[in-house]
Amino acid sequence: MTDNMFCWDRTDDGIVTLTMDDPNAPVNTMNQTFQDDVRATVEKLERELADGGEGSIKGIILTSAKKTFFAGGDIKQMSQVGPEDAQSMFDMVQHMKESLRRIEKLPVPVVAAINGAALGGGLEVALAANHRIAADARGSKIGLPEVTLGLLPGGGGITRVVRMIGIQDALMKVILTGAQMNPAKALKVGLVDEVVAPDELLDRARAWLLSDDAVAEQPWDVKGFKIPGGDPKNPKFAANLPSFPANLTKQLKGSPMKAPRRAMQAAVEGAQVDFDTALTIESRYFTELVTGSQSKNMMQAFFFDLNHCNGGGSRPLQADGTPFPKTEFKKVGVVGAGMMGAGIAYVCAKAGMDVVLKDVALENAERGKGYSEKIEAKALERGRTTEEKSAELLGRIKPTESYDDLSDVDLVIEAVYENTELKHKVHAEIEAAVPKTAILGSNTSTLPITELASHVERTGDFIGLHFFSPVDKMQLLEIISGDHTDPKTLAAALDFAVQIRKIPIVVTDSRGFYTSRVIGTVINEAIRMVAEGYEPATVEAAARQAGYPAAQLQLADELNLKLMKKISEENETAARERGENIDDGGVADLVNRMIEEFGRPGKLEGAGFYEYENGRRQGLWEGLRSKVGAGSIPSEDVDIQDLVDRMLFIEAVETQKCVDEGVVLHDADANIGSIFGIGYPAWTGGTRQFIKNYDGVGADGSPQRGVEGFVARAEELAAKYGERFAPPASLKG
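So, how was this worked out
- Residues numbered from 1 in each chain as written.
- Predicted model: local features only at pLDDT ≥ 70, side-chain atom pairs only at ≥ 80, totals over all residues.
- Heavy atoms only, no water.
- Helix = DSSP H or I, 4+ residues; strand = E, 2+ residues; numbered from the N terminus.
- Rg over C-alpha atoms; globule rule 2.2 N^0.38 Å.
- Buried < 20%, exposed > 50% of the residue type's maximum accessible area, 1.4 Å probe, protein only.
- Contact = heavy atoms within 4.5 Å.
- Areas by Shrake-Rupley, 256 points an atom, 1.4 Å probe, with all protein chains shown as cover.
- Lys, Arg positive; Asp, Glu negative; His and termini not counted.
- Charge placed at Lys NZ, Arg CZ, Asp CG, Glu CD.
- Polar contact = N/O pair within 3.5 Å; in protein donor to acceptor, adjacent residues only side chain to side chain.
- Pairing = 2+ DSSP bridges.
- Right-handed = clockwise from strand over helix to strand, strands pointing away.
- Patch = residues over 30% accessible without salt bridge, like charges linked within 9 Å, V, L, I, M, F, W, Y side chains within 5 Å.
- Salt bridge = Lys/Arg side-chain N within 4 Å of Asp/Glu carboxyl O.
- Axes fitted to C-alpha atoms, helices over the stretch in contact; angles between N-to-C directions.
- Parallel < 35°, antiparallel > 145°, perpendicular 65-115°, else oblique.
- Left-handed = near helix turned anticlockwise from the far one by under 90°.
- Nonpolar A, V, L, I, M, F, W, Y, C, P; charged D, E, K, R; others polar.

Engineer: With reference to specific residues and values, describe the overall build of the protein.
Structural biologist: When helices and strands are counted, the protein shows 29 helices and 21 strands. For 733 residues, the compact-globule estimate of 2.2 N^0.38 gives 27 Å, and the protein sits close to it at 29 Å. When the backbone C-alpha atoms are referred to their principal axes, the protein occupies close to 90 × 65 × 50 Å. In the protein, which comprises 733 residues, the proportion classed as buried is 56%. Nonlocal contacts in the protein, meaning residues at least 24 apart in sequence, comprise 72% of its contacts between residues at least 6 apart. Summed over all atoms, the accessible surface of the protein reaches about 31,500 Å², with 49% contributed by carbon and sulfur. Positive and negative side-chain charges in the protein, numbering 81 and 107 respectively, have mean positions lying 4 Å apart.

Engineer: Tell me about the environment of I691, residues and numbers included.
Structural biologist: Among the secondary structure elements, I691 is positioned in helix α28 (residues 687-692). A relative accessible area of 0% places I691 in the buried class. In this structure, the C-alpha to C-alpha distance between I691 and T287, residues 404 residues apart in sequence, is 24 Å. Setting aside residues no more than four positions away along its own chain, I691 makes contact with A652, Q656, G706, V707, F710 and L731.

Engineer: Talk me through the environment of T687; I want residue IDs and the actual numbers.
Structural biologist: By secondary structure assignment, the location of T687 is in helix α28. Note: C-alpha distance between T687 and E651 (36 residues apart in sequence) is 6.9 Å. If near-sequence neighbours (up to four positions away) are discounted, T687 is found in contact with Y514, E651, A652, T655, A670, N671, S674 and Y680. Within the structure, the side chain of T687 is placed 3.2 Å from the side chain of T655, a separation counted as a polar contact.

Engineer: If you had to explain the pairing of strand β17 (residues 503-508) to someone new, which residues and values would you point to?
Structural biologist: In terms of burial, β17 is a largely internal element, five of the six residues being buried. One ladder, built from six bridges, connects strand β16 (residues 476-481) with β17; its direction is parallel. Note that in β17 the partner of L476 across the bridge is I503. Read as a crossover between parallel neighbours, the route from β16 over helix α19 (residues 487-499) to β17 is right-handed.

Engineer: Tell me about unusual backbone geometry, and please be specific about residues and values.
Structural biologist: For the bond from S469 to P470, the omega torsion is -5 degrees, close enough to zero to count as cis. Note on placement: P470 falls in the loop between β15 (462-467) and β16. A positive phi angle, near 55 degrees, is found at F513, a position not held by glycine. In this structure, F513 sits in the loop between β17 and α20 (515-532).

Engineer: So, a positive patch on the surface: which residues are in play, and what are the values?
Structural biologist: A cluster of basic residues, K374, K378, R382, R384 and K473, forms a positive patch on the protein surface. On the secondary structure map, K378 appears in helix α15 (residues 362-381).

Engineer: Tell me about the packing of helix α11 (residues 259-270) against helix α12 (residues 275-290), and name the residues and values.
Structural biologist: At a minimum axis distance of 9 Å, the contact between α11 and α12 shows a crossing angle of 170 degrees. One finds that α11 runs roughly antiparallel with respect to α12. Handedness of the crossing formed by α11 with α12: right-handed. Residues A259, R262, Q265, A266, E269 and G270 of α11 lie in contact with α12, whose contacting residues are A278, I281, E282, Y285, E288 and L289. Across the contact of α11 with α12, the residue classes break down as six nonpolar, two polar and four charged.

Engineer: Residues and numbers for the packing of helix α13 (residues 293-310) against helix α27 (residues 667-678), please.
Structural biologist: It is the contact of α13 with α27, at a shortest axis distance of 9 Å, that shows an interaxial angle of 110 degrees. Classified by the interaxial angle, the pair formed by α13 and α27 is roughly perpendicular. Contacts between α13 and α27 involve A301, F302, D305, L306, H308 and C309 on the former and, on the latter, A668, D669, N671, I672, I675 and F676. Class assignment of the residues belonging to the contact of α13 with α27 gives a composition of eight nonpolar, two polar and two charged.

Engineer: Tell me about the sheet that holds strand β7 (residues 142-143), and name the residues and values.
Structural biologist: Read across the sheet, three strands follow the order β5-β7-β8 without closing on themselves; strand pairing throughout is mixed. Here the strands that pair on one side only, and so sit at the sheet edges, are β5 (118-119) and β8 (180-181). Alignment of β7 against β8, held across two bridges, turns out to be antiparallel. Bridge pairing in β8 links I142 to M181.

So this is what it looks like as structure tokens:
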């Protein structure tokens, strides 16, 4: 079978090793080659087994010649199908599952020798074997992460895992979480049967096939089989079943994500019927998702766009078209040991860099290092590190009050208070202290980089590095290239992001850059709704129903109204200088009253839009109704979809303005920045994807699709709520 991706090797003891090796791709996927070749391979196996005779097949090992076992579904193919392809997609999935079903019904045992990552469809291939042995290979991951792409395991994953470990564990530990587990965790959960050293994998697989333990029948094909833990027909299990969707709703916080709901339906419904019917139910729900808009959005963001950002898609080239040499950072200086600076120091030290953490007083710098000490103490307590590793990490952070300690750094990151004059002063001091080869970075969320760079001599070496709080948990790094930033500096900044394991996006200079500018619009919109008289709880509910991970008034409290007021005043000043007037709908007045009249600037002070007790959010402040007048609009006059769309559209429209102004150069940066940086709902695929693949309903109930549909809905909102929703002319071309 030399022209088949399943390389066939048969030994004298009757063991056939099928080694998957797609000749046209770096990894094995469920593409057309796989679909054709698995069918042909199964047919050959069935023929040879039917012929029997001396030397007939005694067992089968299924493994891979690639570094990974099997990468899963063909995402490029799946991202291109639409509702019109539903029948052909359903038929394709059913035919593929038929081949896997024929493998598990062969009259000889089959063992999957999982030599590397087996995710999604890759694990589903392995699940069709009677026994699964995973190599304890570095970086190997096993799981069914389809829900993170807006899909469900459609290659038999739900049907088989439910029967292997029970409905509850299948949903909560594997399918709904989309968890990617190391081999040891997969063994504990029950997805694999053994874990061995990589060099022992094939020998162990052969030994199992030749042992008395080898069986050629799946448990669910044995008469009298019962699903572990019970099924919906079991009274005890049925009594707990109503809690499943309730817990899922709580987990999703009201988000309109379809994939987790359909996965739960496929699991529960499939558990009530025979195995083959369950496979069909699974295929129907998979087809609904793969041909719908949410999976397109999520595949675009979490596969294509994420690969663009992590793979250096925005990395500039040299004048001759060749890549800049990679920069490796060994020593970093962080100036300002507050919460942001302390967090930056930690992620740099964790990445193996030596860090000088400088503040005006040694006491402050040591307090900043204390942030890392607390993180490491928790990690030790939870068994996630060792005392030796923790001590080594902390030993790389040197607190200081002297600029002299920055004399040999490769990069310095200023992380002082968000004030232009202060940053000018600090950068002048930094430039005088560091080597002329050091990159000059500023952690700022709103202040224009070109203006900050105007007070240093080496403007080409100056770049914005906007981290998000808390730095040790937030994955995004927004890199801002100023008007005079050298492309070489930008390339090095992207290398730095990779080294500290952050997802980088690249934007150009403007006030608020991209993320801060866009998130400001939606927080202001929510506050505006309160000022208009909407019930605050309804405003927060609308945010959750839109799919935001945190509601907007909650975010306003966490960001602090004092900071919002400062940024707002700076934006107003800049607008007046451009000859523009800002109609904020009463936002500034309400923010001022919250700060000055009511003394409620946010969570830090224990009082904001919400009440707080010992730092914990309790409930919305009653004074919003009794003193501010919120809630005056009767509930029957509230269009919840309008509130949802006002939030989603205000950020999308502002993103389009950023694109038009050249602040954002790649859609991938907009999408990833909005999801990972400012919490735009994941199901949308990000702000630009929301525009391009819009899927909604107009005021008259008619479907609105794509950019044209987005424009139509934006114009409806503009007519009803104001010109800020008017779609830019660039969307009407």
